[in-house]
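The residues making up each chain are set out below.
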Amino acid sequence: ALLPYVPRAPRQALAGKVTATTFALDKPFCVFDGYANATDSVWLAVAFANASAAFRNPASPAAIPPYGGLRAALSYMTLETPAGAYACCQRSDAVLRVGSDTACGAESGPAPCNGPLPSPGPYRVKFLALGPRGPTAETRWSEPIVLRRGSVPPAPSRPGGVSPTPPGSSRGFPACSPGTLEPGPARRSSAMLVIASVLAGLGAALAVGLLGAIRAQLCRPRCRDPAAGSFARSSYRTHHIPPA
């Protein structure tokens, strides 16, 4: 049976809802009630978005496409869970995380392996219930899911002990985070401001002193002859005129 349920990411706030190698999904509670036995297995089919239309449901558990064949088959199945665990009475806030099993090798692994996803995708997923005689119910495919682009792991050292230069850093210098940068330029700027202030103060003092000296020269009284007094007096000589 094709069920109308569409797998989706959790609606609640969740740290790491989508990472570079994993993504979270709501558990399909109540979805298979009445369509699968409690002992049937519910699997999650994961496929590259452009290969989901070509995915074929396995006829039996023995034909489950393994995680190790993802690169060649472009799809795999994982997270096998008893259908009874998704019954309405089991409802909770727990979520599924696709790609969380770092112990799975990229090239090999058993069918239930939930290994890290090898690229940003996009991917589509659907839930499929399998019984002893094959599929009993399935959901629709999800919308495309794109992973975050994580940092590339550092490459091994080159011959001679020279490591490749990491992106965003200058050759010969280690990349630094903003919190570890030395605040040297800020210190130099502060010192320059102090020096400029001192020089400006000295210049102002010299200017004031010069103006004071000029003013003193202008206001100094003129020199006077102490013998002559403040005014020049005319000298008169009297001539005695004898009486006639």
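Here, the structure is the one placed above.
Bear in mind that the values here come from a model prediction, so they are computed numbers and not experimental data.

A.B. asks: When you look at the overall build of the protein chain in this model, what are you seeing that I'm missing?
C.D. replies: Along the protein chain, the regular secondary structure elements total two helices and six strands. Its helices and strands taken in sequence order, the protein chain reads β-β-α-β-β-β-β-α from the N to the C terminus. The buried share of the protein chain, taken over its 244 residues, is 27%. Across the protein chain, every contact between residues at least 6 apart in sequence was considered, and the portion connecting residues at least 24 apart equals 71%. Carbon and sulfur atoms provide 60% of the accessible area of the protein chain, an area that totals close to 17,000 Å².

A.B. asks: Help me understand the packing of aromatic side chains in this model?
C.D. replies: Each aromatic ring pair is summarised here by two numbers: the centre-to-centre distance and the angle between the ring planes. This structure, assessed with the given rule, holds five aromatic pairs. An angle of 80 degrees between the planes, with centres 6.2 Å apart, marks the rings of Phe 29 and Tyr 86 as edge-to-face. Taken together, the residues Phe 29 in the loop between strand 1 (23-26) and strand 2 (41-48) and Tyr 86 in the loop between strand 3 (75-82) and strand 4 (95-98) connect sequence positions 57 residues apart. Here the two residues Phe 29 and Tyr 86 agree in accessibility, since each one is buried. Put simply, the rings of Phe 29, Tyr 86 and Phe 127 pair up and form one aromatic cluster.

A.B. asks: Sorry, what's going on with the nonpolar core here?
C.D. replies: Taken as a class, soluble globular proteins show a tendency for nonpolar side chains to be buried jointly. Membership of the largest hydrophobic core comes to 31 residues, with the highest contact counts inside it found for Leu 25, Phe 32 and Val 98. Of all the secondary-structure elements, those providing two or more residues to this core are strand 1, strand 2, strand 3, strand 4 and strand 5 (123-131). Sequence-distant contacts of Leu 25, defined by excluding residues within four places in its chain, comprise Arg 8, Ala 9, Pro 10, Leu 44, Val 95, Leu 96, Val 98, Val 125, Phe 127 and Ile 145. Counting seven residues, the second largest nonpolar core, distinct from the first, contains Ala 45, Phe 55, Ile 64 and Leu 128.

A.B. asks: Help me understand a nonpolar patch on the surface in this model?
C.D. replies: Taken together, the side chains of Ile 195, Val 198, Leu 199 and Leu 202 present a nonpolar region at the surface, about 400 Å² in accessible area. Summarising the element assignment, Val 198 is placed in helix 2 (residues 184-219).

A.B. asks: Even after reading the chapter, I still don't get the environment of Leu 25, so can you show me in this structure?
C.D. replies: Relative to the elements of secondary structure, Leu 25 occurs in strand 1. A relative accessible area of 1% places Leu 25 in the buried class. The sequence separation of Leu 25 and Pro 10 amounts to 15 residues, and the corresponding C-alpha distance is 5.7 Å.

A.B. asks: For this particular structure, what's the right way to read unusual backbone geometry?
C.D. replies: When glycine is set aside, most residues are seen to have a negative phi, and most peptide bonds are trans. A cis geometry characterises the amide bond from Gly 121 onward to Pro 122, with omega recorded as 10 degrees. Assignment of secondary structure puts Pro 122 in the loop between strand 4 and strand 5. Backbone geometry at Cys 30 places phi at a positive 70 degrees, although glycine is not the residue there. Along the polypeptide, Cys 30 turns up in the loop between strand 1 and strand 2. With a phi close to 55 degrees, Leu 79 is a non-glycine residue in the positive phi region. With respect to the helices and strands, the residue Leu 79 is situated in strand 3.

A.B. asks: What should I look at first to understand the pattern of salt bridges in this one?
C.D. replies: Two side chains carrying opposite charge are able to pair once their charged atoms lie near each other. Under the criterion given, the structure shown has two salt bridges. Notably, a salt bridge pairs Lys 126 with Glu 138, separated by 2.5 Å at the nearest N-O pair. Here Glu 138 lies in strand 6 (residues 134-138) and Lys 126 lies in strand 5, a separation of 12 residues in the sequence. With a relative accessible area of 4%, Lys 126 lands in the buried category.

A.B. asks: Got a minute to help me understand the pairing of strand 2 in this structure?
C.D. replies: For a regular strand, side-chain orientation follows a simple rule: the groups alternate between the two sheet faces. Of all the eight residues making up strand 2, eight are buried; the element is thus mostly covered by neighbouring parts of the structure. Because side chains alternate across strand 2, one face comprises the buried residues Ser 41, Trp 43, Ala 45 and Ala 47, and the other comprises Val 42, Leu 44, Val 46 and Phe 48, equally buried. Relative to strand 3, strand 2 runs antiparallel, the two being bridged by six bridges. Residue pairing across strands places Val 46 opposite Tyr 76, the latter belonging to strand 3. The pairing of strand 2 with strand 5 spans eight bridges and is classified as antiparallel. Looking at the pairing, Trp 43 lines up with Leu 128 of strand 5.

What counts and what doesn't
Here the residue numbering is sequential within each chain, running from 1 through the sequence in written order. The predicted nature of this model means local features are confined to residues of pLDDT at least 70 and side-chain atom pairs, given and counted, to a pLDDT of 80 or more, with totals for whole chains, interfaces and linings taken over all residues. The basis for every side-chain value is the complete set of non-hydrogen atoms in the structure, without hydrogens or water. Only runs of H or I of at least four residues qualify as helices and only runs of E of at least two qualify as strands under DSSP, and these elements are numbered from the N terminus. Per-residue accessibility, obtained with a 1.4 Å probe over protein chains only, is compared with the maximum for each type, and a residue is labelled buried under 20%, exposed over 50%, and partly exposed between these values. Residue contacts follow a heavy-atom distance rule, with two residues in contact if any of their heavy atoms lie within 4.5 Å. For the accessible areas, the method is Shrake-Rupley and the probe is 1.4 Å, while residue cover comes only from the protein chains on display. Only Phe, Tyr and Trp rings are paired, with Trp represented by its six-membered ring, and only when their centres lie within 6.5 Å; those with planes under 30 degrees apart are stacked, over 60 edge-to-face, the remainder tilted. To qualify as a nonpolar core, a set must consist of buried Ala, Val, Leu, Ile, Met, Phe, Trp, Tyr and Cys residues joined through side-chain atoms within 4.5 Å. Put simply, a patch holds well-exposed residues, over 30% relative accessible area, that have no salt bridge, with like charges counted together within 9 Å and Val, Leu, Ile, Met, Phe, Trp or Tyr side chains within 5 Å. Here a salt bridge means any side-chain nitrogen of Lys or Arg lying within 4 Å of a carboxyl oxygen belonging to Asp or Glu. When DSSP finds at least two bridges between two strands, those strands are taken to pair.

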